[in-house]
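The lines below spell out each chain.
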Amino acid sequence: MASALRAALLGHIRVPIAQNLTLNGSKLSLFSAVRSMSSHGDDHLTREEVIDRVLDVVKSFPKVDPSKVSPDVHFQNDLGLDSLDNVEIVFALEEEFKLEIPDKEADKIDSCPLAIEYIYNHPMAG
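In this text, all values refer to a predicted model and were calculated from it rather than measured experimentally.

Definitions and limits used
Residues numbered from 1 in each chain as written. Predicted model: local features only at pLDDT ≥ 70, side-chain atom pairs only at ≥ 80, totals over all residues. Heavy atoms only, no water. Helix = DSSP H or I, 4+ residues; strand = E, 2+ residues; numbered from the N terminus. Buried < 20%, exposed > 50% of the residue type's maximum accessible area, 1.4 Å probe, protein only. Contact = heavy atoms within 4.5 Å. Expected span 1.5 Å × (residues − 1). Axes fitted to C-alpha atoms, helices over the stretch in contact; angles between N-to-C directions. Parallel < 35°, antiparallel > 145°, perpendicular 65-115°, else oblique. Left-handed = near helix turned anticlockwise from the far one by under 90°. Nonpolar A, V, L, I, M, F, W, Y, C, P; charged D, E, K, R; others polar.

## Considering the side chain of Ser111
Part 1 of the reasoning: With respect to the helices and strands, the residue Ser111 is situated in the loop between α4 (103-106) and α5 (112-121).
Part 2 of the reasoning: Owing to a relative accessible area of 7%, Ser111 belongs among the buried residues under this scheme.
Part 3 of the reasoning: What Ser111 contacts, discounting residues up to four positions off in sequence, is Val73, His74 and Phe75.

Dropping the structure here:
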């Protein structure tokens, strides 16, 4: 329990790092490209990255004809999937983007546009 809590906290804490290092009386400068704070929230996915990855997940679903998948496709109306397939796709999206979608929100995601919009706007999508 303590290790899980520690890992969760460390994933969100910003810690400043030293810009200069003293070794045997000599000052060494760290690379200027090193950020002085962690940037967990700063590396948000672009919309294009989200679109590409959502489409890849949907295309890899066994019951889907990849040639029918586009950013505008509806899972049931256009791909002929049922509600259970819809749940499985949302689960696959959660795994792909390493996030948890609450059931109330997951029930609403029934198309690529809704999946793309939800994931793009989710602060923890990675």
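## Thoughts on unusual backbone geometry
Part 1 of the reasoning: For Lys98, which is not glycine, the phi dihedral falls at a positive 50°.
Part 2 of the reasoning: Judged by its relative accessible area of 68%, Lys98 is exposed.

## Considering helix α2 (residues 47-59)
At 3.6 residues per turn, the α-helix brings residues three or four places apart onto the same side.
Part 1 of the reasoning: Counted at 1.5 Å a residue, the expected span for α2 with its 13 residues is 18 Å, and the 18 Å between its end C-alpha atoms agrees.
Part 2 of the reasoning: Buried residues belonging to α2 abut α3 (83-97) and α5.

## As for the packing of α2 against α3
Each pair of packed helices can be summarised by the angle the axes make with each other and by the distance between the axes.
Part 1 of the reasoning: In the contact formed by α2 and α3, the axes pass within 10 Å of each other and the chain directions differ by 135°. Between α2 and α3, the angle falls in the class oblique. For the element pair α2 and α3, the recorded crossing hand is right-handed. When α2 is examined against α3, the residues Val50, Arg53, Val54, Val57 and Val58 are found in contact with a partner set consisting of Ile89, Ala92, Leu93, Glu96 and Phe97.
Part 2 of the reasoning: Its residues assigned to classes, the contact of α2 with α3 comprises eight nonpolar, no polar and two charged.

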